[in-house]
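Structural overview
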Amino acid sequence: LKLFFVKIHTINFILFNMKNKVYKILGLMSGTSMDGLDCCLCELKIDNYYNFFYNIIDWKTFEYSDEIKNVIKDAIKSPFKAEKHSDILGQEFARISEDFLDGHQVDLIGSHGQTIYHIDKEYSKQIGNPNFLLQKFNVPIIYNFRENDILSNGNGAPLMPFLDWLLFKNNKLDTFTLNIGGISNICKISYKINRKDVLGFDTGPGMSLIDEFAHIVWNESMDLDGKYSSKGNIINELENDLLSYPYILKKPPKSTGRQEFG
C-alpha cells in the first residue's frame, strides 16, 4: 500500500514539481542483454520550455553474477510466476545502488527493472521489486515505465525518443540515434520538431540473437569485440530471409522483445 502511494506521488512529483528545479537522481537500467545493471548519478533540470540541463556526476555498470543471470533466465521461462525472482533482483538492485552511491544523497530513483515479457502495445512485465529501494533509501521510486506507456496508448518501447528529443531538438540538422542493445531501436529528431511528431521504434534484434548464437556455438556469453563475426561473411540468402520476417516489414510505431527475438 505504501508503495502504491509512492507511485502516485511520483507521478504528481514529475508533472508539477520537476520543471525549473535541479534534482539529483539515480537512474538504474537493465537491458535485454541481461548482463548487468547500469547506474547513473546525475543532476537534471527541465524548464517550462523543455530546455534540458544535465550533469553526470558518476556512472558505472555492475556485471551480474551467474546466479543473478540464472534468476533472470528462470523468470523469462515463467514470467507470470516470477514474484520470488522479482524480490531477488530487487534486493540486488538495492545492494548495488548502495555500493554505487557510497553515501551520496538523491532526491529520487528511477528503476527500469528487467524486462522478462513484452508484447507490442499489449503487455510488458519487468522484475526487480522497487520496494527494496524504497526501504533502503526512503525517496520516491519511479518504475513501471513500459507498463504505464502502454496504459497511455503507447507501444511500451522504446523509451529513449523523449530523451533524444530533449537532447537534439535544437540541432539544425536532422538527427538519427541508433541504440543497439539486446533489441535495437532508432529515433529521428528534426530541427524544432514537436514532441508528438518524433519517430522512434524498435527495429528488431540487436545483440540478443548474436548472444544466443555465441552461447550455443562457442559457449561464450557474447561475441566480445566482434572477434568471431569480424571474420565472417554475409550469407545473402539468410539475410533476405531475415529481412522478410513479419516484424521487420511491420510499419512503425512498433516494439518487440525476446519473446520474438530470443
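Up top is the structure.
Presented here is an overview of the structure given in this document. Being a predicted model, the structure only gives us computed values, none of them experimental.

Considering the pattern of salt bridges
Counting across every chain of the model gives 7 salt bridges. One salt bridge in this structure joins Arg95 and Glu92, with 2.8 Å as the shortest N-O distance. Here Arg95 pairs with Glu92, and both are found in helix 3 (residues 83–101), just 3 residues apart, close to one helical turn. Note on Arg95: relative accessible area 46%, which makes it partly exposed. The exposure class assigned to Glu92 is buried, which follows from its relative accessible area of 15%.

Comments concerning the sheet that holds strand 9 (residues 199–205)
Across the sheet, which stays open at both edges, the 3 strands sit in the order 7-8-9 with antiparallel pairing between neighbours. Bordering the open sheet on either side are strand 7 (175–180) and strand 9, each of which pairs with just one other strand. Strand after strand, the sheet turns through a mean of 15° between neighbouring axes, direction not considered. Relative to strand 8 (residues 183–189), strand 7 runs antiparallel, the two sharing 6 bridges. The residue of strand 8 that forms the bridge with Ile180 is Ser184.

Looking at the packing of aromatic side chains
Here the structure, examined in full by the defined rule, presents 11 aromatic pairs. Aromatic side chains Phe80 and Tyr123 sit 5.8 Å apart centroid to centroid with 40° between the ring planes, which places their arrangement in the tilted category. Here Phe80, found in the loop between helix 2 (66–77) and helix 3, pairs with Tyr123, found in strand 5 (residues 123–127); they are 43 residues apart in sequence, far enough to count as distant. When the ring centre of Tyr247 is taken as reference, the NZ or CZ atom of Lys254 above it lies at 4.6 Å.

Remarks on the pairing of strand 5
Looking along a regular strand, one sees the side chains alternate between the two faces of the sheet. Here strand 4 (residues 108–119) runs beside strand 5; their pairing, made up of 5 bridges, is antiparallel. Counterpart to Tyr117 in the pairing with strand 5 is Lys125. From the end of strand 4 to the start of strand 5, which pair antiparallel, there are 3 residues, and Lys121 there has a positive phi angle of about 65°.

Focus on the environment of Glu260
Turning to its location among the elements, Glu260 is positioned in the segment after helix 9 (246–249). Residues within four places of Glu260 in sequence aside, it is in contact with Tyr245 and Tyr247. A polar contact of 2.8 Å, which involves the side chain of Glu260, links it to the side chain of Thr256.

A look at the nonpolar core
Counting residues in hydrophobic clusters, the biggest one holds 28 residues, and the most contacted among them are Leu26, Cys39 and Ile109. For this core, the secondary-structure elements that each account for two or more residues are strand 1 (23–30), strand 2 (36–46), helix 2, helix 3, strand 4 and helix 4 (131–137). Of all hydrophobic cores here, the second largest spans 14 residues; its members include Cys42, Phe52, Leu108 and Val198.

Calculation rules
Residues numbered from 1 in each chain as written. Predicted model: local features only at pLDDT ≥ 70, side-chain atom pairs only at ≥ 80, totals over all residues. Heavy atoms only, no water. Salt bridge = Lys/Arg side-chain N within 4 Å of Asp/Glu carboxyl O. Helix = DSSP H or I, 4+ residues; strand = E, 2+ residues; numbered from the N terminus. Buried < 20%, exposed > 50% of the residue type's maximum accessible area, 1.4 Å probe, protein only. Pairing = 2+ DSSP bridges. Axes fitted to C-alpha atoms, helices over the stretch in contact; angles between N-to-C directions. Phe/Tyr/Trp six-rings, centres within 6.5 Å; stacked < 30°, edge-to-face > 60°. Lys NZ or Arg CZ within 6 Å of the ring centre and 35° of its normal. Contact = heavy atoms within 4.5 Å. Polar contact = N/O pair within 3.5 Å; in protein donor to acceptor, adjacent residues only side chain to side chain. Core = buried A, V, L, I, M, F, W, Y, C linked by side-chain atoms within 4.5 Å.

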